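One letter stands for each residue in the lines below.
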Amino acid sequence: MTPTIVLPVIIGGLYAAGVYLLLDRSLTRVLLGFLLLGNATNLLLLSVGGPGGLAPILGYAEAEEMSDPLPQALILTAIVITFGVAAFMLAMIHRSWRLVNEENVGTDEEDRRVAARSDTDADELDPDDLAPEDRPAGHADSLRIRAGAVRGIPSDDVDLPSASAR
Amino acid sequence: MTGVLAPLPVLLPLLGAAGTLLVGRHPAVQRVLSVVVLIAVLSVSVVLLLRADALGATAVSVGGWPVPLGIVLVVDRLSALMLVVASAVALGVLVFAVGQGATDGSEQTPLSVFHPTFLVLVAGVSNAFLAGDLFNLYVGFEILLMASYVLLTLGGTAPRIRGGITYVVVSLMSSLVFLAAIGLVYAATGTVNLAQLAVRLGELPAGTQVLLQSMLLVAFCIKAAVFPLSAWLPDSYPTAPAPVTAVFAGLLTKVGVYAIIRTQTLLFPGGALDTVLMCAALATMLIGILGAIAQTDIRRILSFTLVSHIGYMVFGIGLATSAGLAGAIFYVAHHIAIQTTLFLVAGLVERQGGSTAVDRLGGLAKASPLLAVLFFVPAMNLAGIPPFSGFIGKLGLLRAGVAEGSPLALVLVAGGVVTSLLTLIAVARVWTRAFWRPRTQQPGRDTARAAASDAGPDTPDGEVTDGNGSAPVLVGQSARRAARQAAWVRHTQVATASEADDDRAEERDDDDEVHPLPGVMLATTGALVALTVALTVIAGPLYGLASRAADDLRERTPYLESVADVAVLR
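Figured I'd write up the structure that's included with this text. In this text, all values refer to a predicted model and were calculated from it rather than measured experimentally.

1. A few points about the overall build of chain A
1) Next: On a plain count of helices and strands, chain A comes out with 4 helices and 0 strands.
2) Next: Overall, chain A shows an N-to-C arrangement of helices and strands of α-α-α-α.
3) Next: By residue count, 20% of the 166 residues in chain A fall in the buried class.
4) Next: Across chain A, every contact between residues at least 6 apart in sequence was considered, and the portion connecting residues at least 24 apart equals 40%.

2. As for helix α12 (residues 274–294) of chain B
Residues and elements named next belong to chain B.
1) Next: Compared with an ideal rise of 1.5 Å per residue, which puts 21 residues at 30 Å, α12 spans 30 Å between its outermost C-alpha atoms and is within 8% of the ideal.
2) Next: Among the residues making up α12, those that are buried are L277, M278, A280, A281, L282, T284, M285, G288, I289, G291 and A292.
3) Next: Check the buried side of α12 and you find it contacts α10 (232–236), α13 (298–319) and α18 (407–436).

3. Here we look at the packing of helix α2 (residues 27–48) of chain A against helix α7 (residues 158–189) of chain B
1) Next: Between α2(A) and α7(B), whose axes approach to 9 Å, the crossing angle comes to 10 degrees. With respect to α7(B), the axis of α2(A) lies roughly parallel. The handedness of the crossing between α2(A) and α7(B) comes out as left-handed. Facing α2(A), whose interface residues are A:L27, A:V30, A:F34, A:L37, A:G38, A:T41, A:L44, A:L45 and A:V48, α7(B) presents B:I165, B:V169, B:L172, B:L176, B:L179, B:A180, B:G183, B:L184, B:Y186 and B:A187.

4. Some points on the nonpolar core
1) Next: By size, the foremost hydrophobic cluster in this structure holds 211 residues, and its most contacted members are B:L81, B:V85, B:A90, B:L144, B:I182, B:L251 and B:I329.
2) Next: If near-sequence neighbours (up to four positions away) are discounted, B:I182 is found in contact with B:L134, B:F135, B:Y138 and B:V192.

5. Topic: the environment of B:G401
All names here are of chain B.
1) Next: The residue G401 is located in helix α17 (residues 389–404) in this model.
2) Next: Here the alpha-carbon distance between G401 and I143, two residues 258 residues apart in the chain, equals 36 Å.
3) Next: Every residue in contact with G401, bar those within four places of it in the chain, is listed here: L319, A409, L410, L412 and V413.

6. Some thoughts on α2(A)
1) Next: The first and last C-alpha atoms of α2(A) sit 31 Å apart over 22 residues, in line with the 32 Å expected at 1.5 Å per residue.
2) Next: Two residues or fewer past α2(A), A:G50 is found with a positive phi of approximately 85 degrees.

7. Points about the packing of helix α9 (residues 206–224) of chain B against helix α11 (residues 242–267) of chain B
Residue and element names in this part refer to chain B.
1) Next: The interhelical angle for the contact between α9 and α11, taken along N-to-C directions, is 160 degrees, at an axis separation of 7 Å. When the interaxial angle is binned, α9 and α11 end up roughly antiparallel. Handedness of the α9/α11 crossing: left-handed. Mapping the contact onto sequence places Q213, L216, L217, F220, C221, K223 and A224 in α9 and T253, V255, G256, V257, A259, I260 and T263 in α11.
2) Next: When the residues that make up the contact of α9 with α11 are grouped by side-chain class, the tally is 9 nonpolar, 4 polar and 1 charged.

Here is what the cut-offs are and how they apply
- Residues numbered from 1 in each chain as written.
- Chains lettered and ligands numbered in written order.
- Predicted model: local features only at pLDDT ≥ 70, side-chain atom pairs only at ≥ 80, totals over all residues.
- Helix = DSSP H or I, 4+ residues; strand = E, 2+ residues; numbered from the N terminus.
- Buried ≥ 20, exposed ≤ 12 C-beta atoms within 10 Å, placed from the backbone.
- Contact = placed C-beta atoms within 7 Å.
- Expected span 1.5 Å × (residues − 1).
- Axes fitted to C-alpha atoms, helices over the stretch in contact; angles between N-to-C directions.
- Parallel < 35°, antiparallel > 145°, perpendicular 65-115°, else oblique.
- Left-handed = near helix turned anticlockwise from the far one by under 90°.
- Core = buried A, V, L, I, M, F, W, Y, C linked by C-beta atoms within 7 Å.
- Nonpolar A, V, L, I, M, F, W, Y, C, P; charged D, E, K, R; others polar.

Laid out in structure tokens, this is it:
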């Protein structure tokens with residue numbers, strides 16, 4: 001039997017289109033891309049079963065004429081799983097739409113925050129340039145001891161000028 | 001007897017899930033039922049481990065179908081050990097979640113779906129560990145992934161949906177790659193039974209073997225979060241509730257690691273891609289831990305250390321010696337326990353301090369010394385300070401690397417030491433800032449930038465909300481400050497959904513109250529910390545068990561013979 005060219009071409013086309021859609025930022029397209037990829041994989045499984053044959057039912061066909069039932073069982077399982085996951089994703093897309101009115105893949109805010117942080121490290125800032133509230137922990141002036149506020153309480157700074165004296 | 005017991009770790013949680021669904025209106029009954037089920041699973045797993053260690057591997061044909069036709073479950077030392085650690089950790093997390101739910105008064109909220117989903121997750125994990133054929137492994141993965149999708153997006157808030165979508169799409173991709181690989185494996189060999197594959201795959205041309213192996217590895221490496229395929233993890237895990245993140249961090253990635261171990265030892269023992277794995281391990285360790293150091297949120301730090309330490313296990317697998325595998329197996333057991341515990345502690349920290357952002361926390365050691373101990377012990381264990389199990393695991397891996405002696409292995413040994421050191425830095429920063437910094441200097445006043453980031457881009461120049469959400473405090477009007485604010489606005493055009501900020505503002509409002517930590521949650525976390533310490537105490541026997549499991553894996557015959565006569569498999 002000559003191998004068919006149709007299935008590989010379809011599988012390849014579906015994979016290509018699926019990957020293209022999956023790379024989009026719009027979630028609906030991502031979902032569609034996922035469905036295409038799922039179908040492509042199912043076709044791939046179907047094609048690994050070898051040449052087609054009669055239905056694999058005992059008494060209906062001889063063992064030699066039957067098609068391989070195992071890939072079909074695998075495909076059925078895979079279809080059910082794909083179906084369930086697609087339904088769940090639709091629900092999530094809907095939820096995303098309800099919450100933030102967009103159906104794009106969201107940005108990780110904390111990630112942006114960390115990225116923004118990294119261009120100037122806290123240690124590079126000169127503490128004396130900052131407002132008292134912003135000074136790093138442990139910096140003498142960050143304790144906000146104002147003149148007069150603590151009069152009568154002996155300072156535990158030995159031989160250091162007090163914050164206000166500088 | 002193993003034949004009767006082996007399906008139970010899968011069956012019991014599934015039946016339990018059905019049961020908890022039925023009694024969904026009675027949260028008390030639901031809680032008792034799921035705890036009882038997990039205790040039963042744990043006891044069954046312990047018995048299975050003892051029997052597997054004494055009698056060797058055993059295979060069970062489900063439904064009585066003869067071997068190449070039906071589904072087999074295989075209990076060997078590795079899978080039984082994984083089952084025991086996984087179910088112990090799952091039980092701990094469940095009790096923690098029950099404690100959390102009870103104190104938060106979740107009886108009113110429609111969260112009855114948590115317990116069934118959690119049990120389904122446990123069933124999926126057990127199924128993946130026990131699976132004796134490739135497709136059953138796929139089904140196990142799908143069960144646990146489906147449950148994890150639900151758990152990760154529990155409550156459906158905007159950050160969770162955002163993180164969840166990334167997670168779902170990436171997991172789907174890995175599942176599709178896995179499924180396609182199964183198809184190709186079947187096309188090449190005509191079977192999906194692991195034992196039969198072990199015999200038949202070796203007869204294929206080398207090129208085909210490498211193709212199949214790399215497809216399977218890509219699928220598993222996405223699940224295990226090995227470096228080039230790990231970006232999804234720190235993005236999605238930190239958004240989930242504490243118990244969920246804890247169980248994900250402990251179990252899900254390790255199922256991927258387990259699958260990699262099986263693929264590398266049973267199916268493709270030739271070591272064709274060992275070099276690739278070693279390089280990936282090095283990159284995972286270093287890039288993961290550098291990411292952790294950059295973060296300022298405890299959960300994100302922990303997520304990055306999770307990625308980083310996966311590298312140790314992959315290193316052990318890549319060595320492909322008995323010593324390397326033994327180290328990897330011991331490390332998996334250690335890391336499941338330790339990472340789960342740390343994420344639970346992060347949950348407690350959030351409860352105590354109102355946030356997990358290190359910049360906002362302070363004075364925790366004074367507020368709750370017990371919490372400080374609960375954080376300190378596993379944190380040092382994670383960093384690999386002697387005498388903890390983390391040290392023993394790392395030492396075993398490093399010795400295996402030195403014994404192997406190739407230049408790449410030595411580079412990895414050096415990388416492992418550096419990673420361990422950097423882990424120490426990452427956790428020590430949390431320790432000094434969140435626990436020891438005086439509370440008065442606490443939230444967001446660390447740097448001007450942190451203060452600005454708290455306020456978000458919408459705050460007018462020069463005005464920053466105080467850490468306690470009270471009246472705005474006027475900060476310096478200097479040009480530098482304005483420029484910094486402008487830079488912040490530029491950097492976060494996209495960011496800061498208002499809802500998340502409102503949440504945080506509320507948290508900040510009640511910052512100054514000292515929250516008493518609920519006893520159940522403290523006790524559970526304490527028990528898990530005790531478990532991690534116990535892993536240190538029993539490290540000798542445990543390492544012996546890991547070595548025996550590694551020897552079995554290297555030999556392959558115990559696994560094959562447990563399933564069927566090798567002649568039948570051919």
